[in-house]
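So the chains spell out like this:
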Amino acid sequence: MTPSLQPVGVGWIEVITGCMFSGKTEELIRRLRRAQFARQRVVVFKPGIDNRYAEDSVGSHSGQRMRSFQVERATDIPGLVGEAQVVGVDEAQFLGPELVEIVERLANEGRRVIVAGLDMDYRGVPFEPLPQLLAVSEYITKNLAICMVCGNPADRSQRVVNRDARFLVGESDAYEARCRRCWDPNNFEPRQEQLGLGQNLSET
Ligand code: ZN
């Protein structure tokens, strides 16, 4: 048997994860588009909770978009995949623990499944079901953003408004990408105040 660089005749799971502003959705769309160019049947899902940009498309902060189905829960996905060979799921952190079993089932059926989602909430707590998905996937991509305070590689989502919800949907203004050093889950001051911009700009 000749070894193959690409799996042939089997499905698999790819996970794209990272903090806010790390380009997860862009990377998801890039992979799905590449499959479409190859005339593979592609379908993409996102949770109904995420209404930003457009009702029926997956959109990234940079304006990339692709048509998608909105689902209320992960268990809605199997009934909608049809003959798709490639299945994308965006914002996986809102689809709960059932998503793990669903994507495993789709991969076992021979499909390529590409899942994108936040790995940690603003407190740095792993965001289910991403930890479980990372464990069962064949391929993992962890994207880093750029720290909005110091410019180092960033893996944390800093919340810059003091509110209770675990995630503020569609409010990217409420977050900044931060590195480990500049991230502080108990301090909700935005970058300008961290840098002392405004008061001290004339002194530099
Ligand atoms: Zn930093």
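Above this note sits the structure.
Residues numbered from 1 in each chain as written. Predicted model: local features only at pLDDT ≥ 70, side-chain atom pairs only at ≥ 80, totals over all residues. Heavy atoms only, no water.

Description of the overall build of the protein
Here is step 1 of the chain: If you tally the helices and strands in the protein, you get four helices and twelve strands.
Here is step 2 of the chain: The proportion of buried residues among the 204 residues of the protein is 47%.
Here is step 3 of the chain: For the protein, long-range pairs separated by at least 24 residues make up 67% of all intrachain contacts whose partners lie at least 6 apart in sequence.
Here is step 4 of the chain: Accessible surface computed for the protein: about 10,800 Å², of which carbon and sulfur atoms make up 49%. (Helix = DSSP H or I, 4+ residues; strand = E, 2+ residues; numbered from the N terminus. Buried < 20%, exposed > 50% of the residue type's maximum accessible area, 1.4 Å probe, protein only. Contact = heavy atoms within 4.5 Å. Areas by Shrake-Rupley, 256 points an atom, 1.4 Å probe, with all protein chains shown as cover.)

Structural notes on the coordination of the zinc ion
Here is step 1 of the chain: Protein-derived coordination of the zinc ion comes from Cys147 (SG), Cys150 (SG), Cys179 (SG) and Cys182 (SG), at a distance range of 2.3 to 2.4 Å.
Here is step 2 of the chain: In primary-sequence terms, the residues that donate to the zinc ion follow C-x2-C-x28-C-x2-C. With Cys147 in the loop between strand E9 (145-146) and strand E10 (153-154) and Cys182 in the loop between strand E12 (175-178) and helix H4 (191-195), this residue pair connects regions lying 35 residues apart in the sequence. Note on accessibility: Cys147 and Cys182 belong to one class, buried. (Donors = N, O, S within 2.8 Å, 3.2 Å for Na, K, Ca; no water.)

Comments concerning the nonpolar core
Here is step 1 of the chain: In terms of nonpolar packing, the biggest core is built from 23 residues, with Ile77, Leu99, Val115 and Leu133 touching the most fellow members.
Here is step 2 of the chain: Contributions of two or more residues to this core are made by strand E1 (12-18), strand E2 (42-47), strand E6 (86-89), helix H2 (98-108), strand E7 (112-118) and helix H3 (130-136).
Here is step 3 of the chain: Broken down by element, this core gets its largest block of residues, six residues, from H2.
Here is step 4 of the chain: Excluding residues within four positions of it along the chain, Ile77 makes contact with Phe45, Val71, Val89, Leu99, Ile102 and Leu106.
Here is step 5 of the chain: Ile16, Leu28, Val44 and Met66 belong to the second-largest nonpolar core, a separate cluster that totals ten residues. (Core = buried A, V, L, I, M, F, W, Y, C linked by side-chain atoms within 4.5 Å.)

A word on unusual backbone geometry
Here is step 1 of the chain: For the bond running from Glu128 to Pro129, omega is 5°, close enough to zero to count as cis.
Here is step 2 of the chain: Looking at the secondary structure, you find Pro129 in the loop between E7 and H3.
Here is step 3 of the chain: If you check the backbone angles, Arg39 has positive phi at about 60° while not being a glycine.
Here is step 4 of the chain: Structurally, the position occupied by Arg39 is in the loop between helix H1 (24-37) and E2.

A look at H2
Here is step 1 of the chain: Among all positions of H2, only Leu99, Val100, Ile102, Val103, Leu106 and Ala107 are buried. For H2, the angular spread of the buried residues around the axis is 165°, confining them to a single face. Away from its buried face, by an angle of more than 90 degrees, H2 presents the exposed residues Glu101 and Asn108.
Here is step 2 of the chain: Summarising the contacts, the buried residues of H2 are in contact with E1, E6, E7 and H3. (Arc of directions from axis to C-beta.)

A look at the environment of Asp90
Here is step 1 of the chain: When you line up the elements, Asp90 lands in the loop between E6 and H2.
Here is step 2 of the chain: A relative accessible area of 3% means that Asp90 is categorised as buried.
Here is step 3 of the chain: Between the C-alpha atoms of Asp90 and Pro47, which are 43 residues apart in sequence, the distance is 7.6 Å.
Here is step 4 of the chain: In this structure the side chain of Asp90 is engaged in a polar contact, spanning 3.0 Å, whose partner is the side chain of Thr25. (Polar contact = N/O pair within 3.5 Å; in protein donor to acceptor, adjacent residues only side chain to side chain.)

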